[in-house]
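Understanding the architecture of this molecule
Letter by letter, the chains look like this.
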Amino acid sequence: MVRDVNEVGEVSRDIVARLESGIVDLKLDPAEQWTLDPAGLRNAAWRFGFEVTPIAHVEGDARFPPDYSPARAHSSRAKAEPHKIGLGIMARAADAADIVEIATDYRGAFARIVVLLDGTADEAGGLAAQIPWIEVAHHPLAGDFAAQRNRLQDMMRTRWIMQIDTDERPDAALLDALGWLVAAADRDGLRSLGLPRRNLVDGVQSASYPDIQYRLNRSDIRFAGRVHERPVVPFVESSLALAGALEHRLDGERVRERTRIYEAMSTGAGRPEDETLLLAPSIPSQCHRPRSSARRACRA
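Since the structure is predicted, the reported quantities are computational estimates derived from the model, not experimental observations. (Residues numbered from 1 in each chain as written. Predicted model: local features only at pLDDT ≥ 70, side-chain atom pairs only at ≥ 80, totals over all residues. Heavy atoms only, no water.)

Attention shifts here to the pairing of strand β12 (residues 213-218). Here β12 lies mainly inside the structure; six of its six residues are buried. Of the strand pairs in this sheet, strand β9 (residues 192-195) and β12 are connected by four bridges, and their pairing is antiparallel. Within the sheet, the bridge partner assigned to Leu195 lies in β12 and is Gln213. (Buried < 20%, exposed > 50% of the residue type's maximum accessible area, 1.4 Å probe, protein only. Helix = DSSP H or I, 4+ residues; strand = E, 2+ residues; numbered from the N terminus. Pairing = 2+ DSSP bridges.)

For the rest of this paragraph, the subject is the pairing of strand β16 (residues 246-250). Only one face of β16 is covered, namely the face carrying Leu246, His248 and Leu250; the face carrying Glu247 and Arg249 is uncovered. With three bridges joining them, strand β8 (residues 168-170) and β16 adopt antiparallel strand pairing. Bridge pairing in β16 links Arg169 to Glu247. Bridge count for strand β10 (residues 197-201) against β16 is five bridges, and the pairing is parallel.

Attention now moves to the environment of Leu26. Mapped onto the elements, Leu26 comes out in the loop between β1 (23-25) and α2 (38-47). Given a relative accessible area of 4%, Leu26 falls into the buried group. Linking Leu26 and Ile102, residues 76 residues apart in sequence, is a C-alpha distance of 43 Å. Excluding residues that lie within four positions of it along the chain, Leu26 makes contacts with Arg18, Ala31, Trp34, Thr35, Leu36, Pro70 and Ala71. (Contact = heavy atoms within 4.5 Å.)

Here the focus is the environment of Asp61. Relative to the assigned elements, Asp61 resides in the loop between β2 (50-54) and β3 (72-77). By relative accessible area, which is 47% here, Asp61 ends up partly exposed. A sequence separation of 128 residues divides Asp61 from Gly189, and the C-alpha atoms of the two residues are 9.9 Å apart.

Among the nonpolar cores identified, the biggest contains 37 residues, and Leu87, Met162 and Leu216 are the most heavily contacted of them. Among the elements of the structure, β4 (86-92), α3 (96-105), β5 (112-118), α4 (121-130), β7 (160-165), α6 (172-187) and β9 are those that each provide at least two residues to this core. Tallying contributions element by element places α6 first for this core, with eight residues. For Leu216, the contacting residues outside a window of four places in its chain are Ile85, Trp160, Ile161, Met162, Leu178, Val182, Arg191, Ser192, Leu193 and Leu195. (Core = buried A, V, L, I, M, F, W, Y, C linked by side-chain atoms within 4.5 Å.)

This part covers the pattern of salt bridges. If you walk through the whole model with that rule in mind, you get 27 salt bridges. One salt bridge in this structure joins Arg249 and Glu101, with 3.7 Å as the shortest N-O distance. Taken together, the residues span a long stretch of sequence, with Arg249 in strand β16 and Glu101 in helix α3 at a distance of 148 residues. With relative accessibility at 43%, the residue Arg249 sits in the partly exposed group. Given the relative accessible area of 31%, Glu101 is considered partly exposed. Notably, a salt bridge pairs Arg254 with Glu257, separated by 3.6 Å at the nearest N-O pair. Placement of the pair is Arg254 and Glu257 together in helix α7 (residues 252-265), with a separation of three residues, close to one helical turn. By relative accessible area, Arg254 is classed as partly exposed at 28%. (Salt bridge = Lys/Arg side-chain N within 4 Å of Asp/Glu carboxyl O.)

The subject of this paragraph is the packing of aromatic side chains. Taken as a whole, this structure holds two aromatic pairs when the rule is applied. Geometrically, the ring pair formed by Trp46 and Trp180 is edge-to-face, given 6.5 Å between the ring centres and 75° between the ring planes. Of this pair, Trp46 sits in helix α2 while Trp180 is found in helix α6, placing the two residues 134 residues apart along the sequence. The exposure class of Trp46 is buried, given its relative accessible area of 1%. Relative accessible area serves as the criterion here: at 5%, Trp180 is assigned to the buried category. When the ring of Tyr106 is compared with that of Phe110, the centres are 6.4 Å apart and the planes differ by 75°; the resulting orientation is edge-to-face. Look at Tyr106 and you get buried, because its relative accessible area is 8%. Above the ring of Trp46, the side-chain terminus of Arg42 is found at 5.7 Å from the ring centroid. (Phe/Tyr/Trp six-rings, centres within 6.5 Å; stacked < 30°, edge-to-face > 60°. Lys NZ or Arg CZ within 6 Å of the ring centre and 35° of its normal.)

Next comes the structure, spelled out in structure tokens:
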């Protein structure tokens, strides 16, 4: 937790210096301007490209608990690792151009790519003919985003799955980090990772950041919620993964339309406050926290 938002830059440099030293022990050597519990330190370490190992760990306990105790860990620079993560894409038939672009651009970045189309068998077949190296299935969305994500989870046949929509793209930093992130998650007993999403509305970065989305999940994770779906997982088995981001490309009219559509699907799901934040331009050096899921991203 940072004492003063104006000290964030200085605090970040101090955190990185401690991580580079190979050990962070806030019990024996507390920082003057900030503190982190074990889970918070892991968030910060991953954000700056480091892996951490607890100095002391009791078998069977969480390796990095969110318990507000001073963090104590060994640290080292993360190194790229191969992985077998699958990429799952929820899509509409109208999104064909984006699907082809994603399938082409990320062809070698994932173990397999699967599209679940809210469309007909003919539409799925036509799309599959354009990009035969991926799997294209179809099932009506029927106004239930969680059910569609769960279908996609079941189709992937990989241990870890990244799910994106057709207006989202993992950036280069996130792609480079995926292998060591899931390896670290497996060591720490994590099953669901929350990724920052950088919203670009009409080409301008929005104030809605980090807009955490839990899109990197083990295949056994289930989603709940017809709209604004979320993974069902114990908190201690989830973590933020701030190495890179999803880029979300929107236009202003689509943002306004989405509010109306979501409200029609489920009362209260329109979230007009989300629309306001998305349509506001980003303010440099300010941490926006629209929902509780993003709060811990602001700790470092």
